[in-house]
Structures are given as structure tokens and as C-alpha cells.
Amino acid sequence: MSRVVRLGIAGALLLAAAPALAEPSALLKCDGYGRRQTPGEQLGRGLVVLGTLGLFGSAEADNTSARKAGEEGITACTEALTDSRTTGNPVRRAEVLLMRGVRQFEMGRFDDAIADAKAARAVELTPLVRAHFDRNIGPSTLVLEALARLSQNNQAEAERLSAAAANARPNATFLTEEALRIMALTPEITADERLLLDRLWRLQPNVRHSQHQEGAGEWAGAAASMKTLVAMLQKPGVVTLARQAAVQALAGDTAGAEATLARVGQDIDELAAKAGGTDQAAQTAAQQVARADELVQLAKAQVALNKGQLEEAKGFLAGRPRWLSPASLTAQIIANVQVKAGPGTAPGVDPAKIRADAIKVARDGLTGKGVLNLAVALLPRWEEPSEAQEFGKAMLPTAKTMQPKPVRDGAATGITSARAAALDTATEALLVAAARATRAKGQDRFAVLLNFILPGTARVGLNSRVSIIEYVTPADALFAAQAGRALKVADIEAALGSQYKAPEPVKR
């Protein structure tokens, strides 16, 4: 018998003897993840630590590609609830209920989605485990229920639930931003919305603070927000500056708007010179120039209107059947000019329709198919409480990571972490590190200039691969313009210090 034939027969025998590849379990088909350790209570500085008490069910490698959607997903999750890995572990059971609720939402069964969200939130947990559960899975169930209520046209209840989710981690950003997306659907700024806006403005300064004020017609407040934002940017982009000019004009600050227009005009000219090529950089430059130019036209129209130059105002709005600038600014300026300048102003452009279309798009983004990525992959799931302790070790003065360093030519301080963790955990850790570095300098508060996260997805949900914070203290020249946004070291330490603390050495 030839060697080739013998090898062929041996291979066939091996294949016959090998078991068929195992079909993914219902648990993997539900949410893509296998078993979890069972939560056990240990009193270590008042924190819950996951123990190894009773690993129920067989080990199975995580496989997110095994997830089933729609009806198949619902069936898989229902079957998974009978798996010993969920019947013996309430945290794992809650995750499965959450995912089944997401699939119910996907199928338009909003009452069933709400029921699963509530059931996940109501699993029986000991107090210490519950305290940690209420910082990750618990808020996710609230977000899911909020989205279902929004789909049922119950905006008020959706806002209440999303605010509760955000308040579960008041020094984090992800859940707060999700709540504000829901709240932005109505122009009025409620008390809850204003609280969340102010909090996010301190933690992660960006255009959202002004955006909500613009939607509510609070032009003076929006102009103040944009001024503060521009002051903290090393080189404000042309779109940001052009937006500032439009907001200033709407606030009645004609001189300020003209000064900003002069500044951004030069920047746009320089950027336009880079937009002539075909590479990605040139295309990006061309897009920025086009967007900034629209905002400049709007700002100039409002400035002309402020000066009583009605024909000039009409001229700046002429010949453009469609606007891509933010709806709140576009609609207001066009409406303002139409009221004063009369017929012939921006013919065929309806400010009310601009607003309505923008709200519809934003709403569809929260209730349509696009929200499934948020619900399936990004919403927080269980994360080990010990993760915060690991950050605590990383920020010790003796550690080589998370150490403060001068940035912006010494005008500010920066701290970087490359530790993978849930996004909101990384955000909290950076705040604690900044607070401790600020205290070490003899200062009692600091203002965040930059809060950057390079995101990814993991079993914990949306996670951070790299996180960076840049901040100033009262000893820095840039602080004066940001003093109204400052965070107190004592407040951060009181809220988060005990969690983000290195574990005590084990006594032997």
C-alpha cells in the first residue's frame, strides 16, 4: 500500500473518530457570551469582589458571531434562561433577560421589552452585589425601557428613565450622553436635562452644551458656552468658529460675531488651499470648508439683520434650496430674516420643516434599526468591581502608568491610560487620577479641557482602549476662562475615592 493511500486512510479514520464541532449553546446564541463567575460577597474595604464560588455549567468560549437576531434571538434567550449557568447565577440571568428585551424591542414588542427590562432589574441580589449591579446592568435596563417608552411616544417617561440611568454614575459620560440624546428631541430644557448638561459640560466639554441651548432658543447661554469651548481648544476648527459666529449673532452680539467672522474667514481661506487634491486630507478639508461656509453665510445674514440691512440679509440666504447646517441655527436665522424682510426671502425653504425633519432623523436614530448596535453591543454589562482597584494601583505615585505630565507646552496637565475597561469606568478613573494629582500640587479644584476615549467593544459593553484627560488648576493661566466648570477635588474623592483605591496588601 502506498504512503499516500495510508495517509488518506489514517486521515479518514481520524475524522470519523473526531466528534462533530459543537453547536453553540442557546446562551451563546442569545448574547454571545458563556458562563460567569457567581457573585460572592467579600468585605474588602466595603467593595464586592467576585469570588469563585460555584461555577455553574460547562465552560464555553465567548462567540459574539453566534448571536441570533429577531425571533431566533428571543427563542435562544428564553432557552438560555433554563441553562444552569443562568439559573445558578442571577447576574448572568439579568444579562440574558436584558438581551431578550433588546430582541423584543427589535421586533416592535415594546411591552415585552419593558417587561424583560424590569425582570432583569429585579433579579435577587445581595446588597453588596446589588450596589455594583446598579452601576452597570441596572442602568442598561433603564435605557432599554426608556427607548421602548420613546417608541410608544411617551417622551416624559423616556426622559425620566434615561435620567435615572445617567444618575447611576454621575461622574461618567456615556449614559449621560445617551439620556441627553433622548432629551434633545424636545426644545424645552427640563430641570433633569439642565442638570445632566451642566454635569457633562464639566466632565467632557463639547458642543452639546450649546446645542441644547440653541434648540431652546437660549442664545445668550449658547454664545457663552461657545466662547468657553473655543477658549479651551488649542486650534478651534473652522466649523466650530463659524458656529460660534452664528450663535453670537443670534444672541445680539453683532460686534463679537463680526470679530469671529474675520477670524474664521482667514482660517477657511487657508484650509481651502489644502482642499484641491484628491487624497483623504484634501477631501476632509473640502468638507470642513463647505460646512463652515454655510454657517458663515447664516451668521452674516443674522448680522445684517441685526444692523437693519434687510436686502443684504436676504442676499446671504439666496440661491440655496437646502441647508446642511445645524437645524436649530438654520431654521431660526431663516425665520428671523423672513419675518423682517418679507416675501422673496429664501424661497421654498420652510424653517418649520427644517426643524421637523431634524427631529425625525434624531428620533429614528433612537427608535429605528440603528439603535440595535447600542442595545446589543454597547450598553454596559457586568464588570468586575476589582477593575476599579486595578486603576487605583495604576495611579499610585510609584506606578509607571497614569502619571501626570505637562501638555500644551506646559499650559495644562495630561494623564493617559491604556488599560481596557468599561468606558465609564475609564472616565471615572481619569477623574480620580486628575483629582489626586491636583491635590498633590496643593490645589483644590481642576477644570477638564479634554476627555478623550478611543472606544471598542468587549464583554463589558462599550469599553475604552486608550483614555486621555487634560486639565488645568487655579495655578494655570488657562484656568480663569474655565473656572465656572471646575470640579472640586474633595467632591471627586468623596464620590469615587473608595472604589478607585489600590487593595491593601494581603496579610500572611
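### Regarding the overall build of the chain
- Looking only at helices and strands, one finds 23 helices and 6 strands in the chain.
- Projecting the C-alpha coordinates of the chain onto the three principal axes gives extents of approximately 90 × 60 × 55 Å.
- The proportion of buried residues among the 508 residues of the chain is 50%.
- Taking all contacts inside the chain whose residues are at least 6 apart in sequence as the whole, residues at least 24 apart take part in 69%.
- Of the roughly 23,200 Å² that the chain leaves accessible, carbon and sulfur atoms contribute 56%.
- Here the chain holds 60 positive side-chain charges and 53 negative ones, and the gap between their average locations is 4 Å.

### Things to note about the packing of aromatic side chains
- Within this structure, the stated rule accounts for 3 aromatic pairs.
- Residue placement shows R320 over the ring face of W323; its charged tip is 4.8 Å from the ring centre.
- Sitting over the face of the ring of F391, R419 holds its NZ or CZ atom 5.9 Å from the ring centroid.

### Focus on the pattern of salt bridges
- In the structure shown here, the tally under the stated rule is 31 salt bridges.
- Salt-bridge contacts for E428 lead to R135; the nearest nitrogen and oxygen are separated by 2.7 Å. Of the two residues, E428 is situated in helix α22 (residues 423–440) and R135 in the loop between α7 (127–133) and α8 (137–151); the sequence distance between them amounts to 293 residues. With respect to class, E428 is no different from R135; both count as buried.

### Focus: helix α5 (residues 90–106)
- Across its 17 residues, α5 extends 24 Å between first and last C-alpha, which sits within 8% of the 24 Å expected from 1.5 Å per residue.
- Counting buried residues in α5 gives 15 out of 17 residues, a clear majority hidden from the surface.
- Its side-chain oxygen at 3.1 Å from the backbone nitrogen of V91, N89 defines the N-terminal cap of α5.
- Positive phi appears at G108, one or two residues downstream of α5, with a value of about 80 degrees.

### Considering the confidence of the model for the chain
- Chain-level pLDDT for the chain is 90 on average; 91% of the residues reach the 70-or-more range.
- The low-confidence segment residues 1–20 (pLDDT under 50) makes 2 contacts with residues lying over four places distant or belonging to another chain.
- In this model residues 40–56 is a low-confidence stretch, pLDDT under 50, and it forms 44 contacts with partners more than four residues away in sequence or in other chains.

### Digging into the state of the cysteines
- This model, assessed by the stated rule, comprises 1 disulfide.
- The disulfide partner of C30 is C77, and the gap between their sulfur atoms is 2.1 Å. Judged by the sign of its S-S torsion, about 90 degrees, the bond between C30 and C77 is right-handed. Within this pair, whereas C30 is found in helix α2 (residues 26–31), its partner C77 is found in helix α3 (residues 70–80), the two being separated by 47 residues in sequence.
- Its relative accessible area of 0% is what places C30 among the buried residues.
- C77 sits in the buried class, given a relative accessible area of 0%.

### Regarding the side chain of R408
- With respect to the helices, strands and loops of the structure, R408 is situated in the loop between β1 (405–407) and β2 (412–417).
- In terms of polar contacts, R408 uses its side chain to reach the side chain of E470, at 2.8 Å.
- Setting aside anything within four residues of it in sequence, one finds R408 in contact with M232, L233, Q234, L449, L450 and E470.

### What about the pairing of strand β4 (residues 445–458)?
- Judged from the 2 bridges that link them, β4 and strand β6 (residues 487–488) form a sheet pairing that is antiparallel. Each bridged residue has a counterpart across the sheet, and for R445 the counterpart in β6 is K488.
- Two elements, β4 and strand β5 (residues 461–472), share 11 bridges in a ladder whose sense is antiparallel. Across the sheet, residue N451 finds its bridge partner in β5, namely I469.
- As consecutive antiparallel partners, β4 and β5 are separated by 2 residues.

### Some details on the nonpolar core
- Counting 77 residues, the largest nonpolar core has L147, F391, M402, I415, L431, F446 and I469 as the members making the most contacts within it.
- In terms of residue count, α22 provides more of this core than any other element does, 10 residues in total.
- Not counting residues within four places of it along the chain, the set of residues in contact with L147 comprises F105, I182, L366, T367, V371 and L374.
- Grouped together as the second largest cluster of nonpolar side chains are 39 residues, L271, A285, L295 and A346 included.

### What to know about the packing of helix α6 (residues 110–121) against α8
- At a closest axis distance of 9 Å, the pairing of α6 and α8 adopts a crossing angle of 165 degrees. Between α6 and α8, the angle falls in the class roughly antiparallel. The element α6 and its partner α8 pack so that their crossing is left-handed. On the side of α6, the interface is formed by F110, A113, I114, A117, K118, A120 and R121, while α8 contributes G138, T141, L142, L144, E145, A148, R149 and S151.
- A breakdown of the residues in the contact of α6 with α8 according to their chemical character gives 8 nonpolar, 3 polar and 4 charged.

### Some remarks on helix α23 (residues 489–496)
- For α23, the set of buried residues is V489, I492 and L496. Angularly, the buried residues of α23 cover 70 degrees about the axis, an arc narrow enough to put them on a single face. Turned more than 90 degrees off the buried face of α23, the exposed positions are A490 and A494.
- Along its buried surface, α23 packs onto α22, β4 and β6.

### Points about the side chain of T413
- Structurally, T413 is set in strand β2.
- Overall, the relative accessible area of 6% leaves T413 in the buried class.
- Here K441 takes part through its side chain, which lies 3.3 Å from a polar atom of the side chain of T413.

### Points about the environment of E60
- Positionally, E60 belongs in the loop between α2 and α3.
- E60 sits 61 residues away from R121 along the chain, and the two C-alpha atoms are 26 Å apart.
- There is a polar contact of 2.6 Å between the side chain of E60 and the side chain of S25.

Quick notes on the rules
All residue numbers here refer to positions counted from 1 along the written sequence of the relevant chain. In keeping with the model being predicted, local features are shown solely for residues with a pLDDT of at least 70 and side-chain atom pairs are shown and tallied solely at 80 or more, while totals for entire chains, interfaces and linings include all residues. Based on all heavy atoms of the structure, the side-chain values leave hydrogens and waters out of the count. Numbering of helices and strands runs from the N terminus, with a helix taken as a DSSP run of H or I at least four residues long and a strand as a DSSP run of E at least two residues long. Each residue gets one of three labels from its accessible area relative to the maximum for its type: buried under 20%, exposed over 50%, partly exposed in between, using a 1.4 Å probe on protein chains only. The criterion used for residue contact is that any of the two residues' heavy atoms lie within 4.5 Å. Under the convention used here, a 1.4 Å probe and the Shrake-Rupley method define accessible areas, while residue burial counts only the protein chains that appear. By the counting rule applied here, Lys and Arg register as positive and Asp and Glu as negative, while His and the ends of each chain are not counted. For this purpose, a charge sits on NZ of Lys, CZ of Arg, CG of Asp or CD of Glu. Only rings of Phe, Tyr and Trp enter the pairing, Trp through its six-membered ring, and a pair is recorded when the two centres are within 6.5 Å. The plane angle decides the type: under 30 degrees is stacked, over 60 is edge-to-face, the rest tilted. The criterion for a charge sitting over a ring is simple: Lys NZ or Arg CZ within 6 Å of the ring centre, and within 35 degrees of the ring normal. Just to be clear on terms, a salt bridge is a Lys or Arg side-chain nitrogen sitting within 4 Å of an Asp or Glu carboxyl oxygen. To estimate the expected span of a helix, subtract one from its residue number and multiply by 1.5 Å. Think of a polar contact as two N or O atoms within 3.5 Å of one another; within protein, one of them needs to be a possible hydrogen donor and the other a possible acceptor, and neighboring residues in sequence only count if both atoms come from side chains. Residue-level confidence of the predictor, termed pLDDT, takes values from 0 up to 100. Throughout, a disulfide means two cysteine sulfur atoms within 2.5 Å of one another. Paired strands, in this sense, are two strands between which DSSP finds at least two bridges. The term nonpolar core refers to a set of buried residues drawn from Ala, Val, Leu, Ile, Met, Phe, Trp, Tyr and Cys, joined through side-chain atoms within 4.5 Å. Axis definition: a line fitted to C-alpha atoms, limited for helices to the stretch in contact. Angles are taken between N-to-C directions and run from 0 to 180 degrees. Under this scheme an angle from 65 to 115 degrees is roughly perpendicular, one under 35 degrees roughly parallel, and one over 145 degrees roughly antiparallel; angles in between are oblique. Should the near helix be turned anticlockwise from the far one by less than a right angle, the crossing is left-handed, and should it be turned clockwise, the crossing is right-handed. Note on residue classes: Ala, Val, Leu, Ile, Met, Phe, Trp, Tyr, Cys and Pro are nonpolar, Asp, Glu, Lys and Arg are charged, and everything else, Gly too, is polar. Directions are taken from the helix axis to each C-beta atom, and the arc is the one they span.

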